[in-house]
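Structure assessment
As a plain string of letters, each chain reads:
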Amino acid sequence: MKFYNRTKEIKELRRIQGRAFDSRSRMTVITGRRRIGKTSLALRATQGEYPTVYLFVSRKNEAALCEEFTHLITTTLGCYIPSEIKTFKSLFKILMELAKTRKFNLIIDEFQEFCNINPSVFSDMQNIWDSYRNETRVNLLLMGSVYSMMHKIFESYHEPLFGRADAIIRLSGLGTETMKEILHDYRPDYTNDELLAFYTITGGVPKYIELLCEDAELSIEGIFNYVVRENSPFVNEGRNLLIEEFGKDYGLYFSVLSCIASGINTQGAIESSLGGVSVAGHLKRLIEDYALIKRVRPIMAKPRSQSVQYEIIDNFLRFWFNYFDRNQTLVELNNFEHLRHIISSDYATFSGFALEKWFRLKMMESHQYSDIGSWWERKKGKEANEIDIVALTTDNNKAIVAEVKRLRRNYDHKLFMEKVEHIKKSILSNYNIETRLLTLENM
């Protein structure tokens, strides 16, 4: 599959590379969930006249890892490294010595795995980096897909590599126009409903897109037939992604995420669903340590407003928890035909939320708005009014108030205008309001 987009990230990485080679060494951290394309991006951005040493940190003995790295380094840089080098500390020091007289890119992938191999690597690297970076010309890229560990290594005040990164790039899914371009390349006559299914499943994650485009028939039925089947790479993907993040205590985290995926999205409702178990700490960690969910408040609500809902950020994980995790018995029985029937029956409802996310993402990509969100108001524990999308423009006190429906025929204009009148009185009295109906036709 050809390489798509990442134009901004490549431009920034090449700018940093230029500074590293022209003045002094630079350290860049690239983070993002597994399958998001970190490795492809780093290798693409470092193509050119200068060599690139690519080291993948697999979970093995440090001496064995150094033996593997030594072979790669000598092959790439054409240098001699003594065979008795058995520690990464010694190997990294040799690389920095080489960088006194040579310019090269050094990519270390799954960097967080040193936590399991030899945690002292981080303090060793800090000391060596601080000693050498001003007199060397190496472009160092450190990548990792276990968010909680990478966040701790580089952004926790007490860690040795805190403050050492010259830039931290966080990769997210591909944008709306890129997804449309890819789908057009592989299915030129696609419908917008197929585009929505493509987005609902992949969320713009490059590896999932690659799997679907190269192996699936990209109709809605074809996508579900590929994703939901025996030996599908998607069946255990959610568990594989998260077990390493959560460790052995993953059970309650999975239960919380399953609740949110199914629409049980307030702390009180989650705790009630789980039999009264307190989840405040788990919600906080899912936001701050794992970056898997986010707090959502009505647009323009005060930061400490108690009107809070929780939302899974990743499209695929929302899909996985809602269907694979919740229907684990069907998965274990290999009854994927019945599971596909459940998903197909529920798809029109389930994909409605993804359609809202699509339009918010399109608005965000336009850079025309200062704030984008939704709005709701509760009265006596019930939702009295709810607006799917409210977007405030960067000038002219203009607000876009939008209703999102899959199909135009499901739109109730009178009801929507009553909601618009109410939000105008509540929070938008100083704004010029433009109303919109957004459907599959507008994707």
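Residues numbered from 1 in each chain as written. Predicted model: local features only at pLDDT ≥ 70, side-chain atom pairs only at ≥ 80, totals over all residues. Heavy atoms only, no water.

1. Some details on the packing of helix H11 (residues 220-227) against helix H18 (residues 336-366)
The contact between H11 and H18 brings their axes to 10 Å, and the two run at 145°. Remark: the crossing between H11 and H18 carries right-handed chirality. Taken together, the residues of H18 that come into contact with H11 (itself represented by Ile220, Phe224 and Asn225) are Arg340, Ile343, Ser344 and Tyr347. Its residues placed into classes, the contact of H11 with H18 shows 4 nonpolar, 2 polar and 1 charged. (Axes fitted to C-alpha atoms, helices over the stretch in contact; angles between N-to-C directions. Helix = DSSP H or I, 4+ residues; strand = E, 2+ residues; numbered from the N terminus. Left-handed = near helix turned anticlockwise from the far one by under 90°. Contact = heavy atoms within 4.5 Å. Nonpolar A, V, L, I, M, F, W, Y, C, P; charged D, E, K, R; others polar.)

2. Looking at helix H2 (residues 38-45)
Burial in H2 covers these residues: Lys38, Leu41, Ala42 and Ala45. End-on, the buried residues of H2 take up no more than an arc of 95°, which puts them together on one face. (Buried < 20%, exposed > 50% of the residue type's maximum accessible area, 1.4 Å probe, protein only. Arc of directions from axis to C-beta.)

3. Side note on the nonpolar core
Core analysis: the biggest nonpolar cluster contains 89 residues, and Val227, Ile293 and Phe324 have the highest contact counts within it. The dominant element in this core, judged by the number of residues it contributes, is H18, at 11 residues. Not counting residues up to four positions away in its chain, the partners in contact with Ile293 are Leu257, Ile260, Leu283, Leu286, Ile287, Tyr310, Glu311, Ile312 and Ile313. Counting residues in each nonpolar core, the second largest holds 39 residues, with Val53, Phe69, Ala99 and Leu142 among its members. (Core = buried A, V, L, I, M, F, W, Y, C linked by side-chain atoms within 4.5 Å.)

4. A closer look at the sheet that holds strand E2 (residues 52-56)
Overall, parallel pairing links the 5 strands, which are arranged E2-E3-E4-E1-E5 in an open sheet. The sheet is open, and its two borders are formed by E2 and strand E5 (167-170), each paired with just one other strand. Adjacent strand axes in the sheet meet at a mean angle of 15° when their direction is disregarded. As paired elements, E2 and strand E3 (residues 104-109) share 5 bridges and run parallel to each other. Bridge pairing links Phe56 to Asp109 in E3. On top of the sheet, helix H3 (residues 62-77) reaches E2 and E3; it is set at about 165° to E2, its chief contact. (Pairing = 2+ DSSP bridges.)

5. Focus on the environment of Leu252
With respect to the element layout, Leu252 can be found in helix H13 (residues 250-261). For the pair formed by Leu252 and Val277, sequence separation is 25 residues and the distance between their alpha carbons is 9.3 Å. For Leu252, the residues in contact, after removing those within four places along its chain, are Leu274, Val277 and His282.

6. Some words on the pairing of strand E10 (residues 398-404)
Burial within E10 is extensive, with 6 of its 7 residues counted as buried. Examined bridge by bridge, E10 and strand E11 (residues 432-438) share 7 bridges and lie parallel to one another. Counterpart to Val404 in the pairing with E11 is Leu438. After leaving E10, the chain enters helix H19 (residues 413-426) and then returns to the sheet as E11, a path that is right-handed. (Right-handed = clockwise from strand over helix to strand, strands pointing away.)

7. Thoughts on the packing of helix H9 (residues 192-202) against helix H16 (residues 315-325)
Running from N to C, H9 and H16 point in directions that differ by 85°, and their axes come no closer than 5 Å. Taken together, H9 and H16 sit at an angle that is classed as roughly perpendicular. Note on element contacts: H16 touches H9 through Asn315, Phe316 and Phe319, opposite Tyr199, Thr200 and Ile201. (Parallel < 35°, antiparallel > 145°, perpendicular 65-115°, else oblique.)

8. Some points on the packing of aromatic side chains
In the structure shown here, the tally under the stated rule is 27 aromatic pairs. Ring centres 5.7 Å apart and planes at 50° place the aromatic pair Phe234 and Phe316 in the tilted group. Pair noted here: Phe234 is in the loop between H11 and helix H12 (237-246) and Phe316 is in helix H16, with a separation of 82 residues, a long-range link. Residue classification places Phe234 among the buried residues on the basis of a relative accessible area of 0%. A relative accessible area of 0% means that Phe316 is categorised as buried. Seen from the ring of Tyr226, Arg229 lies directly overhead, with NZ or CZ sitting 4.3 Å from the centre. Geometry around Phe350 places Arg318 over its ring, the cationic atom sitting 4.0 Å from the centre. (Phe/Tyr/Trp six-rings, centres within 6.5 Å; stacked < 30°, edge-to-face > 60°. Lys NZ or Arg CZ within 6 Å of the ring centre and 35° of its normal.)

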